[in-house]
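# Summary of structural features
So the chains spell out like this:
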Amino acid sequence: MADTKQRLVFSIIEFLNQSIEDGTVKADDKESLEVAIQCIGEAFGVDPTDTEQAAQLSTKPATLKNIFDVFIKTREKTKASEATSASESAGSSTASSSSKPKAPSPAVKAEAEKLKQKGNSLMTSKKYDEAIQMYTDAVALDPTNPVYFSNRAAAHASKGDHLSAIGDAEEAISIDPNFVKAYSRLGHAQFSIGDYAASVSAFERGLALEPTNANLKAGLQNAKARVASESRSATRERSAAATTPPAGSGSARGANNLNDILGTMGNLAGAGGPGGGGMPDLASLMSNPAIMQMASQLASNGGLESLMQDPNIANMAARFQNGQMPSQDEIRDLGQRFGGGFGGAGGA
């Protein structure tokens, strides 16, 4: 799953590049903006020249400006609705009535219906742009009919303009909150742009009005599955980031080196050592370049400190300093314990 922040950054970079190309930005500011684009991309790991990454992060056919326009329109509608509700609760019927479009005459309604029918025929022929124009003309004659907005939402969705579909579906719902088909249009459009949580909400609102609607049920099931999938992916990513040690980290090198050294000691002790006397030939062991290199790495990356935290090893080291050599059994057990415990070649 593409990171939401990276998608936003990619859209910002697209907007800035487009502003450079279409002359929105002055020529004197072009170089500074290009540097800013590069810095933004590097900070969030976004490379607009990477075709594979671009395919994952692109929100086309929607653009950042489209998305922002939809947000502004939705916020303005919300504010207008809140203002209307407040004035109604205060008994201001004049303000309430003036905020709603007037119902057209029967003749005008009939003309709007004809335009809608033409739009439906164009939709059947997959002439989506022409259908959108018919529905737009119908809306101009009768803005009180939610069907015209809902049908235009379907036409926008058919040509891949899901943001416009969302705007029209929400408009249809604002006109008639009980118009079930608009919730279906809204849910499918939100699903198409990857806003699965909002899609779930839209389908649930529709099902609250019509619990047996098969289309809403299927849409809700698909949207919930995507939400669950995103949640699992995010959990796996967080778990992997928390448990995977950085490449070449001291802890990873230390564990491997500790495994090799103690595994070798265990094998030597179990075999009686090169000399077959029951104790490892420490002189031969310490003259082995591979063993010395691993011991040096342990000392440099903190592995020896971790090793000495084991009470058995600390006790053995203290006795060694007092001139008491560890027994064959102690060394063999130590080699098997740590060599085998870290997945190494500890021998019995």
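Reference entry: report on the structure contained in this document.

Reading guide: rules and limits
Position numbers for residues count from 1 along each chain, tracking the sequence in the order it is written. Per-residue local features of the predicted model are confined to residues with pLDDT of at least 70, and side-chain atom pairs are confined, for both listing and counting, to 80 or more; whole-chain, interface and lining totals are unaffected and use all residues. For the side-chain quantities, the full set of heavy atoms in the structure was used; hydrogens and water were omitted. Each helix is a run of H or I in the DSSP string that is no shorter than four residues. Each strand is a run of E no shorter than two, and both are numbered from the N terminus. For each residue, the accessible area found with a 1.4 Å probe, counting protein chains only, is set against the maximum for its type, and the residue is called buried under 20%, exposed over 50%, and partly exposed in between. Ring geometry is summarised as follows: Phe, Tyr and Trp rings, the Trp one being its six-membered ring, pair when their centres sit within 6.5 Å, and such pairs are stacked at plane angles under 30 degrees, edge-to-face over 60 and tilted between the two. One less than the residue count of a helix, multiplied by 1.5 Å, gives the span that helix is expected to have. Two residues qualify as a contact provided that any one of their heavy atoms is within 4.5 Å of a heavy atom in the partner residue. Definition of a polar contact: a pair of N or O atoms within 3.5 Å, with one able to donate and the other able to accept a hydrogen when the atoms are protein atoms, and with sequence-neighbouring residues admitted only if both atoms are side-chain atoms. In plain words, nonpolar cores are sets of buried Ala, Val, Leu, Ile, Met, Phe, Trp, Tyr and Cys residues tied together by side-chain atoms within 4.5 Å. Whenever a helix is involved, its axis is fitted only over the stretch in contact; in every case the axis is a line through C-alpha atoms, and angles between N-to-C directions fall within 0 to 180 degrees. Working definition: roughly parallel below 35 degrees, roughly antiparallel above 145 degrees, roughly perpendicular at 65 to 115 degrees, and oblique for all remaining angles. In this scheme the handedness of a crossing depends on how the near helix is turned from the far one: anticlockwise by less than a right angle means left-handed, clockwise means right-handed. Residue polarity follows a fixed list, in which Ala, Val, Leu, Ile, Met, Phe, Trp, Tyr, Cys and Pro are nonpolar, Asp, Glu, Lys and Arg are charged, and the others, Gly among them, are polar.

## Some points on unusual backbone geometry
The backbone of Lys126 shows a phi angle near 60°, a positive value even though the residue is not glycine. Among the structural elements, Lys126 can be located in the loop between helix 6 (106-124) and helix 7 (128-141). Judged by relative accessible area, which is 61%, Lys126 ranks as exposed.

## Here we look at the environment of Val46
Here Val46 lies in the loop between helix 2 (27-44) and helix 3 (51-57). Separated by 11 residues in the primary sequence, Val46 and Leu57 place their C-alpha atoms 8.9 Å from one another.

## Examining the packing of aromatic side chains
Enumeration over the complete set of coordinates arrives at 1 aromatic pair. Note on Phe191 and Tyr196: the rings are 5.1 Å apart at their centroids and 65° apart in plane angle, and the pair reads as edge-to-face. Overall, Tyr196 belongs to the buried group, its relative accessible area being 12%.

## Section: helix 6
With 19 residues, helix 6 should cover 27 Å at 1.5 Å per step; its first-to-last C-alpha distance of 27 Å lies within 8% of that length. Along its buried surface, helix 6 packs onto helix 7 and helix 8 (146-158).

## Here we look at the side chain of Arg152
Among the secondary structure elements, Arg152 is positioned in helix 8. Within the local environment of Arg152, its side chain forms a polar contact with the side chain of Asp168, the two groups lying 2.8 Å apart.

## Brief notes about the nonpolar core
When a protein is soluble and globular, its nonpolar side chains tend to lie buried together. Counting 28 residues, the largest nonpolar core has Met123 and Leu186 as its most contacted members. Of all elements in the fold, only helix 6, helix 7, helix 8, helix 9 (162-175) and helix 10 (180-192) reach the threshold of two or more residues within this core. Setting aside residues up to four positions removed in sequence, Met123 forms contacts with Tyr128, Ala131, Tyr135, Ala154, Ala155 and Ser158. Formed by 10 residues, the second largest nonpolar core is a distinct cluster that contains Phe10, Ile20, Leu33 and Val46.

## Topic: the packing of helix 10 against helix 11 (residues 196-209)
Packing of helix 10 against helix 11 leaves a shortest axis separation of 8 Å and a crossing angle of 165°. Looking at the two axes, helix 10 sits roughly antiparallel to helix 11. Pair helix 10 / helix 11 crosses with left-handed handedness. Across the interface between the two elements, Val180, Tyr183, Ser184, Leu186, Gly187, His188, Gln190 and Phe191 from helix 10 touch Tyr196, Ala198, Ser199, Ala202, Phe203, Arg205, Gly206 and Leu209 from helix 11. Tallied by class, residues from the contact of helix 10 with helix 11 come to 9 nonpolar, 6 polar and 1 charged.

## Structural notes on helix 10
Look at helix 10: 19 Å from first C-alpha to last across 13 residues, which is about the 18 Å you get at 1.5 Å a residue. Along helix 10, the residues classified as buried are Val180, Ala182, Tyr183, Ser184, Leu186, Gly187, Ala189 and Gln190. Backbone geometry just downstream of helix 10 places Gly194 in the positive-phi region, at approximately 90°.

Interpretation in functional terms is not warranted from these geometric data alone.
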